[in-house]
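Coordinate analysis (summary)
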Amino acid sequence: MKKIIAFAGSNSKNSINKVLATHTANLVTNVEVSILDLNDFPLPVYGIDEETENGIPENAKRFFEEIKTADGIVLSLAEHNGNFSVAFKNVFDWMSRIEQKLWSNTPMLLLSTSPGGRGGASALGIAKNGFPHMGGNIVADFSLPKFYDNFKDGNIVDDALNSELKEAVMTFEKSI
């Protein structure tokens, strides 16, 4: 059975992006789903001095191994000040020191959400532009605006947005 991993680009204990990533991963059929949490992989802030003095942290290697063994990746990016969260950027930077093409051409379904009307579109756009240079194989993407209005009782309540997500999931399923 194929294995997909899902995680949020956030270290919030109440991450709406983790909720969206988990919900979306569970829509994918005939796969084993593993939900990762960045809080389970604490890392020092990346810096060349840190790397030179202490090497690559074991938690970066463990997270990278999860990426390498997956047949598909569902990632929902939190947006902080128009960019990735520091927690995600840090694990991303550490993994890139292990292997520059860190996403290994694994099919990715990129997501984002936020309480606001743009749904994390800036962070999603940065990822869509940059991840292909790092071995990212983005096969579909979806942004959910106004999370607290559009996601209730474990589901997307807006029919058009729900259809858009299901279409993205179908595209992702065909690629893994």
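Now for a look at the structure at hand. (Residues numbered from 1 in each chain as written. Predicted model: local features only at pLDDT ≥ 70, side-chain atom pairs only at ≥ 80, totals over all residues. Heavy atoms only, no water.)

Focus: helix α4 (residues 86-98)
Residue pairs three or four apart in sequence face the same way in an α-helix, which turns once every 3.6 residues. For clarity, the cut-off: Helix numbers and strand numbers start at the N terminus; a helix is a DSSP run of H or I with at least 4 residues, a strand a run of E with at least 2. Working rule for helices: expected span equals 1.5 Å times residues minus one. Think of it in three bands: residues with accessible area under 20% of the maximum for their type are buried, residues over 50% are exposed, and the middle band is partly exposed, with areas taken using a 1.4 Å probe on protein chains only. We call two residues in contact when some of their heavy atoms are within 4.5 Å.
Over its 13 residues, α4 runs 19 Å from end to end, which matches the ideal 18 Å to within 8%, given 1.5 Å per residue. Along α4, the positions that sit buried rather than exposed are Phe88, Asn90, Val91, Phe92, Asp93, Trp94 and Met95. Next to the buried residues of α4 lie β1 (2-9), α2 (48-54), α3 (58-69) and β3 (72-77).

Let's talk about helix α5 (residues 121-130)
Here is the rule: Working definition: the arc comes from the directions between the helix axis and the C-beta atoms, pointing outward to the latter.
Of the residues making up α5, those classed as buried are Ala123, Leu124 and Ala127. The buried residues of α5 occupy an angular sector of 100 degrees when projected down its axis, which confines them to one face. Those residues of α5 that are buried lie in contact with β3, β4 (107-113) and β5 (137-144).

Describing the sheet that holds β4
The following threshold applies: Pairing between two strands is assigned when DSSP locates at least 2 bridges connecting them. Orientation is described by lines fitted to C-alpha atoms, with helices fitted over the stretch in contact, and by angles between N-to-C directions that extend from 0 to 180 degrees.
The five strands are arranged β2-β1-β3-β4-β5 in an open sheet whose pairing can be described as parallel. Of all strands in the sheet, those with a lone pairing partner are β2 (31-35) and β5, marking the two edges. Direction aside, neighbouring strands of the sheet carry axes that sit 20 degrees apart on average. Here β1 runs beside β2; their pairing, made up of five bridges, is parallel. Each residue of the ladder has a partner; that of isoleucine 4, found in β2, is valine 33. Running over the sheet, helix α1 (residues 16-25) touches β1, β2, β3, β4 and β5 and is turned about 140 degrees from β4.

Describing unusual backbone geometry
A positive phi angle, near 55 degrees, is found at asparagine 30, a position not held by glycine. Within the fold, asparagine 30 resides in the loop between α1 and β2. Classification of asparagine 30 as exposed rests on a relative accessible area of 67%. Of note in this structure, asparagine 81 is not a glycine but carries a positive phi near 55 degrees. By the element assignment, asparagine 81 lies in the loop between β3 and α4.

Some words on the packing of α3 against α4
Note the threshold: Oblique is the label for any angle not covered by the other classes, which are roughly parallel (under 35 degrees), roughly antiparallel (over 145) and roughly perpendicular (65 to 115). Note on residue classes: Ala, Val, Leu, Ile, Met, Phe, Trp, Tyr, Cys and Pro are nonpolar, Asp, Glu, Lys and Arg are charged, and everything else, Gly too, is polar.
Running from N to C, α3 and α4 point in directions that differ by 80 degrees, and their axes come no closer than 9 Å. Compared by their axis directions, α3 and α4 come out roughly perpendicular. Residues Ala60, Lys61, Phe63, Phe64 and Ile67 of α3 pack against Val91, Trp94, Met95 and Ile98 of α4. When grouped by side-chain class, the residues that make up the contact of α3 with α4 number eight nonpolar, no polar and one charged.

Quick look at the pattern of salt bridges
Test applied: Salt-bridge detection follows one rule: a side-chain nitrogen of Lys or Arg within 4 Å of a carboxyl oxygen of Asp or Glu.
Counted according to the given criterion, the structure contains seven salt bridges. Between aspartate 37 and lysine 18 there is a salt bridge, and its shortest N-O distance comes to 2.9 Å. With aspartate 37 in the loop between β2 and α2 and lysine 18 in helix α1, the pair connects residues that are 19 residues apart, well separated along the chain. When its relative accessible area of 17% is taken as the criterion, aspartate 37 is described as buried. A relative accessible area of 28% means that lysine 18 is categorised as partly exposed.

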